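# Descriptive analysis of the structure
Listed here are the chains, written in short residue letters.
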Amino acid sequence: MDINVLDIKGQETGRKVTLNENIFGIEPNDHVLYLDVKRYLAAQRQGTAKTKERSEHAGSTRKLGRQKGGGGARRGDINSPVLVGGGRVFGPTPRDYSFKLNKKVKALARKSALAYKAQEEAIVVVEDFNFDAPKTKDFINFAKNLKVDGKKVLLVLPEVEKNVYLSARNLEKAQVTTASQVNSYNVLNADVLVVTENSLKTIDEILTK
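Here, residues in each chain are numbered from 1, in the same order as that chain's written sequence. Totals for whole chains, interfaces and linings use all residues, but because this is a predicted model, local features are given only for residues with pLDDT of at least 70 and pairs of side-chain atoms are given and counted only at 80 or more. The side-chain quantities take in all heavy atoms of the structure and omit both hydrogens and water.

### Describing the layout of surface pockets
So the rule is basically this: Every definition here rests on a 1 Å grid over the protein atoms only: cavities are sets of points where a 1.4 Å probe fits but cannot get out, pockets are open sets enclosed by protein on both sides within 12 Å along at least five of seven lines, and lining residues have some atom within 4 Å of a point. Grid points are joined across faces, edges and corners, and a volume is the space filled by probe spheres set on the points. Each helix is a run of DSSP H or I of at least 4 residues and each strand a run of E of at least 2, with the numbering of both proceeding from the N terminus. Lys, Arg, Asp and Glu make up the charged group, whereas Ala, Val, Leu, Ile, Met, Phe, Trp, Tyr, Cys and Pro make up the nonpolar group; the residues left over, Gly among them, are polar.
The volume enclosed by the largest pocket comes to roughly 250 Å³. Along the walls of the largest pocket sit Lys-103, Lys-104, Ala-107, Leu-108, Arg-110, Lys-111, Ile-206, Leu-207, Thr-208 and Lys-209, which together make up its complete lining. Of all the secondary-structure elements, those providing two or more residues to the lining of the largest pocket are helix 3 (103-119) and helix 7 (197-207). With six residues, helix 3 is the largest single contributor of residues to the lining of the largest pocket. Partitioned by chemical class, the residues of the lining of the largest pocket number four nonpolar, one polar and five charged.

Set out below in structure tokens:
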């Protein structure tokens with residue numbers, strides 16, 4: 001699949017790039033995508049939910065009523081889970097929700113996400129660029145020139161470009177990442193994938209090892 005290379009003004013440069021069929025032309029694997037997106041979202045969870053158990057409540061340990069004959073459930077002190085305001089049984093405790101996937105599974109998930117974007121013709125290739133200074137207005141004009149304004153845009157750069165990142169930081173529908181940090185969730189979450197020429201080369205190197 002050949003795609004015209006544009007400059008930051010949205011004009012064709014006269015060059016074309018060929019998307020690697022082993023990445024952008026594969027049959028997407030939905031189950032692997034599900035696993036990788038689930039892994040990514042699980043890793044974002046703080047896991048700090050916590051409730052107090054019986055032993056953590058402040059209260060007397062005196063037994064409130066007799067063991068039998070009261071007509072209700074047996075209970076001990078005022079911290080009993082049976083009582084309102086008592087401790088909670090098997091409540092949430094701080095934990096790590098993240099889990100691991102094999103490298104080949106994660107690689108296949110990224111290929112599948114990129115293949116979906118290729119099928120949707122939602123990939124725009126631009127020549128490598130940088131901004132002279134961090135200006136949100138410059139990024140807005142860049143998006144307008146590429147006719148992707150108003151859409152969720154994921155811009156993939158070959159390496160960290162501070163001015164570009166800072167220019168897009170305040171825009172709700174724009175996200176900037178590097179080719180080595182591309183993940184399935186961000187690709188699928190974007191309406192349009194804007195990739196620079198060198199980023200494509202880096203993606204090819206990473207995913208065809």
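### Some thoughts on empty space enclosed by the protein
Taken as a whole and judged by the stated rule, the model has one cavity of 30 Å³ or more. In terms of lining residues, the largest cavity is bounded by Arg-110, Leu-114, Ala-179, Val-182, Ile-203, Ile-206 and Leu-207. Of all elements in the fold, only helix 3 and helix 7 reach the threshold of two or more residues within the lining of the largest cavity. The biggest single contributor to the lining of the largest cavity is helix 7, with three residues. In the lining of the largest cavity, the residues fall into six nonpolar, no polar and one charged.

### What to know about the side chain of Asn-183
The line we're drawing: Contacts described as polar in this section are N or O atom pairs within 3.5 Å, which, within protein, must combine one atom able to donate a hydrogen with one able to accept it, while residues neighboring in sequence count only if both atoms come from side chains. Any two residues whose heavy atoms approach within 4.5 Å are treated as being in contact.
Mapped onto the fold, Asn-183 is located in the loop between strand 5 (174-178) and helix 6 (184-189). Among the polar contacts listed, one links the side chain of Asn-183 to the backbone nitrogen of Asn-186, at a separation of 2.9 Å. Beyond its immediate stretch of four places on either side in the chain, Asn-183 contacts Tyr-40 and Arg-110.

### A closer look at helix 7
Formally: Throughout this description, buried means an accessible area under 20% of the type-specific maximum (1.4 Å probe, protein chains only), exposed means over 50%, and partly exposed covers the range between. Picture the helix axis, draw a direction to every C-beta atom, and the arc is the one those directions span.
Regarding helix 7, the residues found buried are Glu-197, Ser-199, Leu-200, Ile-203 and Leu-207. Mapping the buried residues of helix 7 onto a view down its axis gives an arc of 160°, with all of them on the same face. For helix 7, exposure combined with an orientation more than 90 degrees from the buried face picks out Lys-201 and Glu-205.

### Overview of the sheet that holds strand 2 (residues 12-18)
We count it as follows: We call two strands paired when DSSP finds no fewer than two bridges between them. A fitted line through C-alpha atoms represents every axis, and for helices the fit uses only the stretch in contact; the resulting angles, taken between N-to-C directions, go from 0 to 180 degrees.
Ordered in space as 2-1-3-6-4-5, the six strands form an open sheet in which the pairing is mixed. This sheet does not close on itself; its edge strands, each paired only once, are strand 2 and strand 5. The sheet shows a mean angle of 30° between the axes of neighbouring strands, taken without regard to direction. Contacting strand 1 (2-6), strand 2, strand 3 (123-126), strand 4 (153-157) and strand 6 (192-196), helix 7 runs over the sheet at an angle of about 95° to strand 6.

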